[in-house]
Amino acid sequence: MEAKDFYNVAVYLRLSRDDEPDNGSAESNSIRSQRDMIRSYIRKQEDMEIYDIYVDDGWTGANFDRPSFKRMMEDIEAGHIDCVIVKDLSRFGRDYIEAGRLVQKVFPAFSVRFIALNDNFDSLTADFNGKMLVLPVKNFVNDTYCSDISKKVRSHQQVKRERGDFIGAFAVYGYRKDMKNINHLLIDEYAARIVRKIFAWKIEGLSNIAIAEKLDGMGVFPPMEYKKSQGEKFSTGFVTNIKTRWSAVAVKRILTNELYTGMMVQGKSEKASHKVKRPVEKPREEWVRVADTHEAVVAAEDFEIVQKLLAVDTRASAGKAICHMFTGFLFCGDCGKPMIRRVNRYKGTEKVYFICSTRNKGLGCTRHSIPEEELEHLVLSGLQQQLALFLDKSHVLEQIGQIEIQFAEIAVFDKEIRRLREEQEKYMSLRTGLYEDLKQGIITETDFRDFGQIYETQFQEAEEAVRRQEEALRNLFQAGVSAGAGLEKMKSTLEITELDRDVLVTFVSRILVYEDKRVFLELRAKDMFTNVLMLAGFTRNNENGNDGCSMDVDMPVILQKGKEVS
């Protein structure tokens, strides 16, 4: 490269956001020091003048996808610049392959001189060893440093995720970062009220698009606009308009975010390496989930209801914002597909009934036709029977606090725990019998090891199931001792006289309709109902001196023509 009489210099400055802690200033100290060093150097050169200063403050050196660097390259290609000066090669970039290509191929092609002050590198005066040996080695060291830092950062982030610390750049809509601890989330009361309304409207039967239109009609800022209004420098890849509006996608994103229940869910994606920008989605089982890291915005029960509603078609009829009362609850008892509502109009009269959607599409199954009026009567009477039974027995939770009962006694009484313990004993017996079979030559040593491992795994799975069942029962026992605020809330709503969507959401998980018009009610609180009845049986038999272990407490929930079916 031949020397020029005069150089128009591009001063390039860069600092990664990880290189220096944020002190709240508009520009980092390192950027200022880089600028001062390069300006001091240029002032001593009689053949140089600054054309422009290009600053990428807060951008990684792992790649060259940076706004100011791209602008500098455009000026180079336009012929405005013939010299680039940086503090050192690491400020220019840490990708040694691309950095080497730019310095050794691209810049010479445009007759651009390159100077890295701290590395004592000047492409005009560098000899063969400097260009072909020293420069690649230094670029390689910079790239290795970047790779090492990337691994350390990812490892540190994983530790923080597993600890339940929030590591996102911005808090999720409905929350704000705690200024005393940025890894902790606090409720943003205004946005949290909007989130609660969204969940409530979904439970009421509104579709996602109806909720979005309702929010827009109320003048509620969508998440991105709200964050901007709070002074946050927020941007997202989901934006397509200059001013965003609520959309069905944005509503669904809120409705499916488990973080609103107090569960911290992170690590849904990761980058393969520091050189690959696009993250790779991770399977759900690899997500990091930590419970009770922050205050919940919505109850876990409401979140669960909404997930079930989202799993089925809950679109409203044409011209209506709210779907029908049974939408999301009614299914065919044989094929499991949702039932659909049909209206027959004849001579001014109207008859409403439900049929199997599979049959409606001509894909098999049978009609399972049931009139709406009859269905409402069956469901209402079935709920009244179950709730009356529960109300009659629920007083035992108050009694538990007044009598001496060991939890171990109740655990033995629970028939599900008894069944699981029997299953464990079976696997233990099978595992013990393997040794005798091996001694008698019935099985080989390989079979002995393989079957032994299988029985051990099944034994451990049963042990885990027992632990979960005991934990659920212990929670119920403790709720009884403390009189159970949740139960008291349910008691106030147990007297139902008419059926509506609120009643279904509160008590029903699914309704199955069979061809013979049998209606099966799958109750949301079935486990609690069953355990309350079990405890009632225990206390009664305990008072009478019986062990009570043979009592069956399953509740009938299959109805036909408004009567119980045993």
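Heads up: these notes are all about the structure in this document. Because the structure is a prediction, the values reported are computed rather than measured.

### Some words on the packing of aromatic side chains
Aromatic ring pairs are described here by two measures, namely the spacing of the ring centres and the angle between the planes.
Here's step 1: Using the criterion set out here, one finds 16 aromatic pairs in the structure.
Here's step 2: A ring pair is formed by Phe 69 and Phe 92, whose centres lie 5.8 Å apart and whose planes are at 65°; its orientation type is edge-to-face. Highlighted residues: Phe 69 in helix α2 (residues 67-77) and Phe 92 in helix α3 (residues 89-92), separated in sequence by 23 residues.
Here's step 3: A relative accessible area of 4% places Phe 69 in the buried class.
Here's step 4: Here Phe 92 falls in the buried class, since its relative accessible area comes to 0%.
Here's step 5: We note Lys 268 situated over the ring of Trp 287; from NZ or CZ to the ring centre the distance is 4.9 Å.
Here's step 6: We note Arg 510 situated over the ring of Phe 331; from NZ or CZ to the ring centre the distance is 5.6 Å.

### Description of helix α9 (residues 248-255)
Because an α-helix completes one turn every 3.6 residues, residues spaced three or four positions apart along the sequence face the same direction.
Here's step 1: For α9, the complete set of buried residues consists of Ala 250, Val 251, Ile 254 and Leu 255. Angularly, the buried residues of α9 cover 135° about the axis, an arc narrow enough to put them on a single face.
Here's step 2: Contact partners of the buried residues in α9: α6 (189-204), α7 (208-217) and α10 (300-310).

### Regarding the nonpolar core
Here's step 1: Within the largest apolar cluster, 62 residues are counted, with the highest numbers of intra-cluster contacts made by Tyr 173, Trp 246, Phe 326, Val 379, Leu 383 and Ile 511.
Here's step 2: In terms of residues, this core owes the most to one element, α6, which gives eight residues.
Here's step 3: When near neighbours in sequence (up to four residues on either side) are disregarded, Phe 326 contacts Phe 354, Leu 375, Glu 376, Val 379, Leu 499, Arg 501, Leu 504 and Ile 511.

### Notes on the packing of α7 against α9
Here's step 1: Running from N to C, α7 and α9 cross one another at 105°; their axes reach a closest spacing of 8 Å. Relative to α9, the element α7 lies roughly perpendicular. Along the contact surface, α7 presents Asn 208, Ile 209, Ile 211 and Ala 212, while α9 presents Ala 248, Val 251, Lys 252 and Leu 255.
Here's step 2: The residue inventory of the contact of α7 with α9, partitioned by class, reads six nonpolar, one polar and one charged.

### A closer look at the sheet that holds strand β1 (residues 7-15)
Here's step 1: Sheet architecture is open: five strands sit in the order β2-β1-β3-β4-β5, paired in mixed fashion. Here the strands that pair on one side only, and so sit at the sheet edges, are β2 (48-57) and β5 (121-122).
Here's step 2: Pairing geometry for strand β4 (residues 113-116) and β5, over two bridges, is antiparallel. Residue Ile 115 lies in a different strand from β5, and its bridge partner there is Asp 122.
Here's step 3: Here α2 sits on the sheet in contact with β1, β2 and β3 (83-86), set at roughly 150° to β2.

### Here we look at the sheet that holds strand β14 (residues 349-356)
Here's step 1: Here we have three strands laid out as an open sheet, ordered β13-β14-β15, and antiparallel in their pairing. The sheet is open, and its two borders are formed by β13 (339-346) and β15 (370-371), each paired with just one other strand.

### What to know about unusual backbone geometry
Here's step 1: With a phi close to 50°, Asn 120 is a non-glycine residue in the positive phi region.
Here's step 2: The backbone of His 368 sits at a positive phi, close to 55°, despite the residue not being glycine.
Here's step 3: Positionally, His 368 belongs in the loop between α11 (357-360) and β15.

### Focus on α2
Here's step 1: Buried within α2 are the following residues: Ser 68, Phe 69, Met 72, Met 73, Asp 75 and Ile 76. Taken down its axis, α2 places every buried residue within 160° of arc, on the same side. Exposed and oriented more than 90 degrees from the buried face of α2 are Glu 74 and Glu 77.
Here's step 2: After α2 finishes, the residue Gly 79 shows a positive phi value of roughly 85°.

### With respect to the pairing of β13
Here's step 1: By the bridge criterion, eight bridges tie β13 to β14 in an arrangement that is antiparallel. Bridged to Arg 345 within β14 is Glu 350.

### Describing the packing of α6 against α9
Here's step 1: Running from amino to carboxyl end, α6 crosses α9 at an angle of 95°, the nearest separation of the two axes being 10 Å. Classified by the interaxial angle, the pair formed by α6 and α9 is roughly perpendicular. Between α6 and α9, the contacting residues are Val 195, Ile 198, Phe 199 and Lys 202 on the first element and Val 251, Ile 254 and Leu 255 on the second.
Here's step 2: Class assignment of the residues belonging to the contact of α6 with α9 gives a composition of six nonpolar, no polar and one charged.

### Some words on the side chain of Thr 358
Here's step 1: If you trace the backbone, Thr 358 turns up in helix α11.
Here's step 2: Thr 358 gets classed as buried once you look at its relative accessible area, which sits at 14%.
Here's step 3: Excluding residues that lie within four positions of it along the chain, Thr 358 makes contacts with Cys 335, Lys 337, Leu 363, Gly 364 and Cys 365.

About the thresholds
Residues numbered from 1 in each chain as written. Predicted model: local features only at pLDDT ≥ 70, side-chain atom pairs only at ≥ 80, totals over all residues. Heavy atoms only, no water. Phe/Tyr/Trp six-rings, centres within 6.5 Å; stacked < 30°, edge-to-face > 60°. Helix = DSSP H or I, 4+ residues; strand = E, 2+ residues; numbered from the N terminus. Buried < 20%, exposed > 50% of the residue type's maximum accessible area, 1.4 Å probe, protein only. Lys NZ or Arg CZ within 6 Å of the ring centre and 35° of its normal. Arc of directions from axis to C-beta. Contact = heavy atoms within 4.5 Å. Core = buried A, V, L, I, M, F, W, Y, C linked by side-chain atoms within 4.5 Å. Axes fitted to C-alpha atoms, helices over the stretch in contact; angles between N-to-C directions. Parallel < 35°, antiparallel > 145°, perpendicular 65-115°, else oblique. Nonpolar A, V, L, I, M, F, W, Y, C, P; charged D, E, K, R; others polar. Pairing = 2+ DSSP bridges.

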